[in-house]
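A structural walkthrough
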Amino acid sequence: MGKRVLVALGGNAIKQPDEKGTFEEQMKNVETACVQIAQLVRRGYDLVITHGNGPQVGNLSIQQEAAVDQVPSQPLVVLGAMTQGQIGYMMQQHLHNILDGDGKQVVTVVTQVLVSKDDPDFKDPTKPVGPFYTDEVAHKLAVERGWVVKKVRPTGDRTWRRVVPSPAPLGIAEAKAIRRMVEDGMIVIASGGGGIPVFRNARGKLEGVDAVIDKDRAGAKLAEEVGTEILLILTDVEHAMMDYGKPTQAPIRHLTVAEAKKRLSEGHFGAGSMGPKVEAALGFVERGGERAIITSLAKAVDAVEGKTGTHISLR
Ligand code: ADP
Ligand code: MG
């Protein structure tokens, strides 16, 4: 068996910021990503792949609300499951078409990720999801559905959005199955969009909850539970930078766990973007992972071969 790698794909791999998100656009982007991923497979790495779903779940929730007079809208947790299937299908088909000749099977797992209702984020939800609403509609939704809504734009017609908790991932319900499939040589797509958030209810049973788990944090947890040696976070920048956005900005080639913690506390990394990636990376190696790498999709192969990217290891 080759080295196991958990590949965490950023949003750009599926939808570019300037695109509408048509099926054709997304298929083309996913194909580009799959061509890179296939190179890792051909170099002998065994892969588990995870991905974001922000734009897809955003569009789906707009559709839910737009058609609410005709069909009942489905809860956010179900939209998470729907986008895992949607994106999983696109990746599965492209990887199949590229790698079928290599005898590789590709499977997508609808993945539930355990969270705790005691997570502090449930008391003060911060993650905006779905469309923007007018004052009137926002208040109606808050009363009728018990949603937490926040004013996220100072002016305009539609200034409100729903906000949901972004709790820490505590475990992957399907980890054993995913591990078995990887050991069998399959490529597994799992925990898409950070996974479907579930908690243990009073009867000890799993139950879904409307929340959004950060995909890089969930990816690190999945890597740990599947036992991959490498966590490879692919985004739109080749390196994490020091002094990001300042004239002194400089690429980081290597960080120990201690250095990564120091750089995080000094505020070098964007709070909702690079910050969670560096946290996920250092958490993974702290809990026994060999190496975490942050780089761009185009540099994936060079980075696992040590030629580029930001590498994080225990020492
Ligand atoms: P993804 O969809 O891959 O999760 P994000 O937008 O969440 O992508 O994170 C990548 C972005 O993080 C980069 O495009 C960059 O704008 C931003 N960023 C914030 N801080 C840094 C930093 N210190 N070094 C590099 N990029 C950073
Ligand atoms: Mg992100």
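This text goes with the structure placed above it.
Below, the structure is looked at part by part. (Residues numbered from 1 in each chain as written. Chains lettered and ligands numbered in written order. Predicted model: local features only at pLDDT ≥ 70, side-chain atom pairs only at ≥ 80, totals over all residues. Heavy atoms only, no water.)

Description of the site of ligand 1
Taken together, the neighbourhood of ligand 1 is formed by 17 residues, with Thr235, Asp236, Met241, Tyr244 and Lys277 sitting nearest. At a separation of 3.3 Å, an oxygen atom of ligand 1 approaches a polar side-chain atom of serine 273. For ligand 1, the accessible surface in isolation is 570 Å², of which the surrounding protein chains cover 80%. Each residue belonging to the shell around ligand 1 can be placed in one class, and the counts come to 6 nonpolar, 8 polar and 3 charged. (Near = heavy atom within 4 Å. Polar contact = N/O pair within 3.5 Å; in protein donor to acceptor, adjacent residues only side chain to side chain. Areas by Shrake-Rupley, 256 points an atom, 1.4 Å probe, with all protein chains shown as cover. Nonpolar A, V, L, I, M, F, W, Y, C, P; charged D, E, K, R; others polar.)

Topic: the sheet that holds strand β10 (residues 196–200)
Spatially, β8-β4-β10-β11 is the arrangement adopted by the 4 strands of the open sheet, whose pairing is mixed. Of all the strands in the sheet, the pair left with one neighbour each is β8 (171–172) and β11 (206–208). The pairing of β10 with β11 spans 3 bridges and is classified as antiparallel. Looking at β11, one finds that arginine 200 is bridged to leucine 206. Its contacts with the sheet place helix α3 (residues 76–99) against β10 and β11, and it is angled at close to 130 degrees to β10. (Pairing = 2+ DSSP bridges. Helix = DSSP H or I, 4+ residues; strand = E, 2+ residues; numbered from the N terminus. Contact = heavy atoms within 4.5 Å. Axes fitted to C-alpha atoms, helices over the stretch in contact; angles between N-to-C directions.)

Some thoughts on the sheet that holds strand β3 (residues 106–109)
Across the sheet, which stays open at both edges, the 8 strands sit in the order β3-β9-β2-β1-β12-β16-β17-β15 with mixed pairing between neighbours. Two strands in the sheet have a free side with no partner beyond their single neighbour: β3 and β15 (254–256). Put simply, the sheet's adjacent strands are angled 20 degrees from each other on average, direction ignored. Examined bridge by bridge, strand β1 (residues 4–9) and strand β12 (residues 230–235) share 5 bridges and lie parallel to one another. Counted as the bridge partner of valine 7 is leucine 232 from β12.

Structural notes on the nonpolar core
Within soluble globular proteins, side chains that are nonpolar tend to cluster in buried spots. Counting 39 residues, the largest nonpolar core has Ile178, Leu222, Leu231 and Ile312 as the members making the most contacts within it. Breaking this core down by element, the ones donating at least two residues are β1, α5 (175–183), β9 (187–190), α6 (215–226), β12, α7 (257–265), α8 (274–286) and β16 (291–296). Residue contributions to this core peak at 7 residues, all from α8. Among the nonpolar cores identified, the runner-up in size contains 33 residues, and Leu9, Ile37, Leu234 and Ile293 belong to it. (Core = buried A, V, L, I, M, F, W, Y, C linked by side-chain atoms within 4.5 Å. Buried < 20%, exposed > 50% of the residue type's maximum accessible area, 1.4 Å probe, protein only.)

As for the pattern of salt bridges
Here the structure, examined in full by the defined rule, presents 15 salt bridges. One salt bridge connects lysine 215 with aspartate 216, and the closest N-O pair in it is separated by 3.3 Å. You can call lysine 215 buried: its relative accessible area is 12%. Glutamate 286 is paired through a salt bridge with lysine 261; the nearest N and O atoms lie 2.5 Å apart. Taken together, the residues glutamate 286 in helix α8 and lysine 261 in helix α7 connect sequence positions 25 residues apart. Owing to a relative accessible area of 42%, glutamate 286 belongs among the partly exposed residues under this scheme. We classify lysine 261 as partly exposed; its relative accessible area is 41%. (Salt bridge = Lys/Arg side-chain N within 4 Å of Asp/Glu carboxyl O.)

Some points on the environment of aspartate 184
Note that aspartate 184 resides in the loop between α5 and β9. Overall, aspartate 184 belongs to the exposed group, its relative accessible area being 61%. For the pair formed by aspartate 184 and methionine 1, sequence separation is 183 residues and the distance between their alpha carbons is 9.2 Å.

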